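Next come the chains, spelled out residue by residue.
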Amino acid sequence: MLEGAEFYFNVDHGYLEGLVRGCKASLLTQQDYINLVQCETLEDVKIHLQTTDYGNFLANQTNPLTVSKIDTEMRKKLCREFEYFRNHSLEPLSTFFTYMTCSYMIDNVILLMNGALQKKSVKEILVKCHPLGRFTEMEAVNIAETPSDLFNAVLVETPLAPFFQDCMSENTLDELNIELLRNKLYKSYLEAFYKFCKNHGDVTAEIMCPILEFEADRRAFIITLNSFGTELSKDDRETLYPTCGKLYPEGLRLLAQAEDFDQMRRVADHYGVYKPLFEAVGDGSGGKTLEDVFYEREVQMNVLAFNRQFHYGVFYAYTKLKEQEMRNIVYRSSSFEVPIL
Amino acid sequence: MPIARQTSTTYEHLTSNTHAVCSSRAGVIWRPMVCWRRRASFCDCYKTSHVTKMLMGEVMREAAFSLAEAKFTAGDFSTTVIQNVNKAQVKIRAKKDNVAGVTLPVFEHYHEGTDSYELTGLARGGEQLAKLKRNYAKAVELLVELASLQTSFVTLDEAIKITNRRVNAIEHVIIPRIERTLAYIITELDEREREEFYRLKKIQEKKKILKEKSEKDLEQRRAAGEVMEPANLLAEEKDEDLLFE
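Residues numbered from 1 in each chain as written. Chains lettered and ligands numbered in written order. Predicted model: local features only at pLDDT ≥ 70, side-chain atom pairs only at ≥ 80, totals over all residues. Heavy atoms only, no water.

Using the following cut-off: UniProt positions are given in the numbering used here, feature names are shortened, and annotations may be inferred rather than shown by experiment.
Under an unreviewed UniProt entry, the name given to chain A is V-type proton ATPase subunit, and the organism recorded is Felis catus. The annotation that UniProt attaches to chain A under Subunit (unreviewed entry) is "V-ATPase is a heteromultimeric enzyme made up of two complexes: the ATP-hydrolytic V1 complex and the proton translocation V0 complex."

In structure tokens, the structure reads:
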């Protein structure tokens, strides 16, 4: 769209980019993680976090401190920052933000639909929904009796409408299909996001497209790996692969035929980017799992996004890095909740 | 006298017999048999449950760690899991086992139905979720075993207490009672024998006195010449009925 973004970018988005870079600078460093590892209890964790940018975010919490409380508070903080960015954004950055929230919205919608199926009260489920994925029609989900009602009444207003159109052919919602539905929605979402970034062109496309390609291929690999030994047929599996990655189309076809990890590995060996990743995977217990390796690569790419200026990728990268940091802290703190008998 | 001796032997024989029967039925032989077998299985139970409890601690720790790992990779899947719960996959059957006369319940687990969470974490965290499922399944199996051991422990404990109480009761109440009865019977029999003996003696004495008295009388009468000796067949005398000699 705009070549030479350095001329126009700062007019609309300069303030927010500066802000997000400041936020990125306050992510936990190696030293902070070393301190966290040396903590003995959850109280120590709280004290250590007070010295970082998190500050006194746990100050209003009553005892006893639990991991889920820490998790909720961190998420609230992230939400506040995200909402601030979003509220101050202009087009097309605001569409970009909407795309980012779509993935959380998909999870929330699946949760609500499941709850409606099980006749659970909406309030309980609303508490469990991801705050970044809020949309205004959330409470109305339980009014709908059948999925098509749900779609027509509720979801058509949300940004998720076009993704549902791709998978409205199956109207029955049992558990198997809930997961398939979730993955199909995510596939169409990813492809739409990819197209948006590509059409935007410029530095954003240069940064975001590789990240999204990697996300698509990663999903393809993980879905294949996890569907070994389940009832998921190969054709079903193929419909879940997002097509915006490097693996499309030959790699995806080969993956759909794969029966075990080694065949998957051979498919990955065709692609220079994925070969070293698979080689880094340890075998069995001890050593890294494929998921760990993928996480590391994702974080690497996100960090590299900050090396270029004048693109929207910094916001995406910052959110993902912050989420990873939250996961790390929760993982570290949950070892204090493990019962020692 | 021979009669008296006979009865006393019969009585002695009887009493000695009951005494032998009582002491053989008294827990002196009975107690080791049942109690020992129960105590042996009790000790086994205790040792196995101790070992299992230690193992349980480790298995639970490992399971909790794998839960943390799964949450790290797959995000928060707890709501999805809770919402999709319908039937139990692992169920327990209770069977009865007889050990040393005590019926112990034994729990056995069996799988039913398919895994309804096969596709959870399809897009991320599936491997960790599978590991988590395995770990917790192991923990559940161990828990079932522990439950069986614990119930049998408690039941055996009760049974042993009851048996102990019975044995104590028999030892300190029933047996002394029977022994006292025995002693009483013996004394009674002895007394009767003595009575009999005494009676006999008295009778003999009386007879003796009577005899002496009658002899004395006879002497006196003979001396007075009033007594007619009866005819003695052996004395040579003339027989009047003989006509010819």
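**Describing the overall build of chain B**
Defined as follows: Only DSSP runs of H or I with at least four residues qualify as helices, and only runs of E with at least two residues qualify as strands; both kinds are numbered from the N terminus onward. Burial here depends on accessible area, computed with a 1.4 Å probe over protein chains only, as a share of the maximum for the residue type. Under 20% is buried, over 50% is exposed, and the range in between is partly exposed. Note on contacts: a residue pair qualifies if any of its non-hydrogen atoms lie within 4.5 Å across the two residues.
Along the backbone of chain B there are four helices and two strands. In chain B, the succession of α and β elements from N to C terminus is α-α-α-β-β-α. Here chain B, with 245 residues, has 24% of them falling under the buried criterion. Excluding contacts between residues fewer than 6 apart, the proportion of contacts in chain B whose partners are at least 24 apart in sequence is 73%.

**Let's talk about the overall build of chain A**
Defined as follows: Under the convention used here, a 1.4 Å probe and the Shrake-Rupley method define accessible areas, while residue burial counts only the protein chains that appear.
The helix and strand inventory of chain A stands at 16 helices and zero strands. When burial is assessed residue by residue, chain A has 53% of its 341 residues classed as buried. In chain A, once contacts between residues fewer than 6 apart in sequence are set aside, the share between residues at least 24 apart is 64%. Only carbon and sulfur atoms are counted for the fraction: they give 52% of the accessible area of chain A, which is about 16000 Å².

**Concerning the packing of helix α4 (residues 67-87) of chain A against helix α16 (residues 313-334) of chain A**
Residues and elements named next belong to chain A. Stated formally: For helices, the axis comes from a line fit to the C-alpha atoms of the stretch in contact; other axes are also lines fit to C-alpha atoms, and the angle between any two N-to-C directions lies between 0 and 180 degrees. Angular relationships are summarised with four words: roughly parallel below 35 degrees, roughly antiparallel beyond 145, roughly perpendicular across 65 to 115, and oblique for the angles in between. The nonpolar class holds Ala, Val, Leu, Ile, Met, Phe, Trp, Tyr, Cys and Pro. Asp, Glu, Lys and Arg form the charged class, and all remaining residues, Gly among them, are polar.
Contact geometry of α4 with α16 gives a least axis separation of 10 Å together with a crossing angle of 170°. Of the possible angle classes, the one that applies to α4 and α16 is roughly antiparallel. Of the residues in α16, those in contact with V67, I70, D71, M74, R75, K77, L78, E81, F82 and F85 of α4 are Y318, T319, K322, E323, M326, I329, V330, S333 and S334. Within the contact of α4 with α16, the residues separate by chemical class into ten nonpolar, three polar and six charged.

**Focus on the nonpolar core**
Formally: Among the buried residues, those of types Ala, Val, Leu, Ile, Met, Phe, Trp, Tyr and Cys that are joined through side-chain atoms within 4.5 Å form a nonpolar core.
In this structure, I70, F96, Y189, F193 and F221 of chain A are the most contacted members of the largest nonpolar core, which totals 110 residues. In this structure, V102, L104, L156 and I160 of chain B belong to the second largest nonpolar core, which totals six residues.

**Thoughts on the pattern of salt bridges**
All names here are of chain A. Here is the rule: By salt bridge we mean one thing: a side-chain nitrogen of Lys or Arg within 4 Å of a carboxyl oxygen of Asp or Glu.
The tally for this structure, following the rule as stated, stands at 20 salt bridges over all chains. When the shortest N-O distance is used, the salt bridge between D53 and K77 registers 3.7 Å. Within this pair, whereas D53 is found in the loop between α3 (42-50) and α4, its partner K77 is found in helix α4, the two being separated by 24 residues in sequence. A salt bridge links D71 to R75; its shortest N-O distance comes to 3.4 Å. On the criterion of helical spacing, the pair formed by D71 and R75 is a turn pair, its members being four residues apart in helix α4. The structure contains a network of salt bridges with shared partners spanning D53, K77 and E81.

**Structural notes on unusual backbone geometry**
Trans peptide bonds make up the majority, and among non-glycine residues the majority have a negative phi. All names here are of chain A. Cis geometry is found at the peptide bond from E91 to P92, where omega equals -10°. In this structure, P92 sits in the loop between α4 and α5 (93-117). In this model, Y248 is joined to P249 through a cis peptide bond whose omega is -10°. Position of P249 relative to the elements: it lies in the loop between α11 (234-240) and α12 (250-257). Unusually for a residue other than glycine, F310 sits at a positive phi of about 65°.

**Topic: the interface of chain B and chain A**
Note the threshold: Summed over both partners, the accessible surface that disappears when two parts come together, traced with a 1.4 Å probe, is what is meant by buried area. Counting of polar contacts relies on pairs of N or O atoms within 3.5 Å, with two restrictions inside protein: one atom must be capable of donating a hydrogen and the other of accepting it, and residues adjacent in sequence are counted only when both atoms are side-chain atoms.
On the side of chain A, 39 residues touch chain B, which itself brings 25 residues to the contact. When the buried area of chain B at its contact with chain A is split by residue, F72, Q83 and L122 of chain B rank highest and sum to 26% of it. Taken together, the connections running from chain B to chain A amount to zero salt bridges. Where chain B packs against chain A, one counts two residue pairs in polar contact (both at pLDDT 80 or more). Secondary structure elements with two or more residues in the side of chain B that touches chain A: α2 (30-74), α3 (78-83) and α4 (126-224) of chain B. It is α2 of chain B that contributes the most residues to the side of chain B that touches chain A, eight residues altogether. Taken together, the residues of the side of chain B that touches chain A break down into eight nonpolar, twelve polar and five charged.

**So, the side chain of T289 of chain A**
Relative to the elements of secondary structure, T289 of chain A occurs in the loop between α14 (275-279) and α15 (290-305). Setting aside residues up to four positions removed in sequence, T289 of chain A forms contacts with V281 of chain A together with E127 and Q128 of chain B.

**Some details on the packing of helix α1 (residues 5-25) of chain A against α16 of chain A**
Residues and elements named next belong to chain A. Rule in force here: In this scheme, a crossing is called left-handed if the near helix is turned counterclockwise away from the far one by less than a right angle; it is called right-handed if the turn is clockwise.
Remark: α1 packs on α16, axes separated minimally by 10 Å, with the N-to-C direction vectors making an angle of 25°. Overall, the two elements α1 and α16 adopt an arrangement that is roughly parallel. Judged by the sense of rotation from one axis to the other, the crossing of α1 with α16 is left-handed. Between α1 and α16, the contacting residues are L16, E17, V20, R21, C23 and K24 on the first element and V314, F315 and Y318 on the second.

**Some thoughts on the pairing of strand β2 (residues 102-111) of chain B**
Residue and element names in this part refer to chain B. Let me state the cut-off plainly: Here, strands pair whenever DSSP counts at least two bridges between them.
Sheet topology note: the strand β1 (residues 90-99)/β2 ladder contains ten bridges and is antiparallel. Pairing of A94 across the sheet is with F107, part of β2. Where β1 folds back onto β2 in an antiparallel hairpin, the turn is made up of two residues, including A100, whose phi is positive at roughly 50°.

**As for the environment of K47 of chain B**
Residues and elements named next belong to chain B. Along the polypeptide, K47 turns up in helix α2. K47 sits in the exposed class, given a relative accessible area of 55%. When the C-alpha positions of K47 and A64 are compared, they lie 26 Å apart, and in sequence the two are 17 residues distant.

**Overview of a nonpolar patch on the surface**
Residues and elements named next belong to chain B. This is how it is decided: Candidates for patches are residues over 30% relative accessible area with no salt bridge; among them, like charges are joined within 9 Å and nonpolar side chains (Val, Leu, Ile, Met, Phe, Trp, Tyr) within 5 Å.
On the surface, V173, I174 and I178 cluster together into a nonpolar patch covering about 200 Å² of accessible area. Looking at the element boundaries, I178 is found in helix α4. In this structure I178 comes out as partly exposed when scored by relative accessible area, which is 31%.

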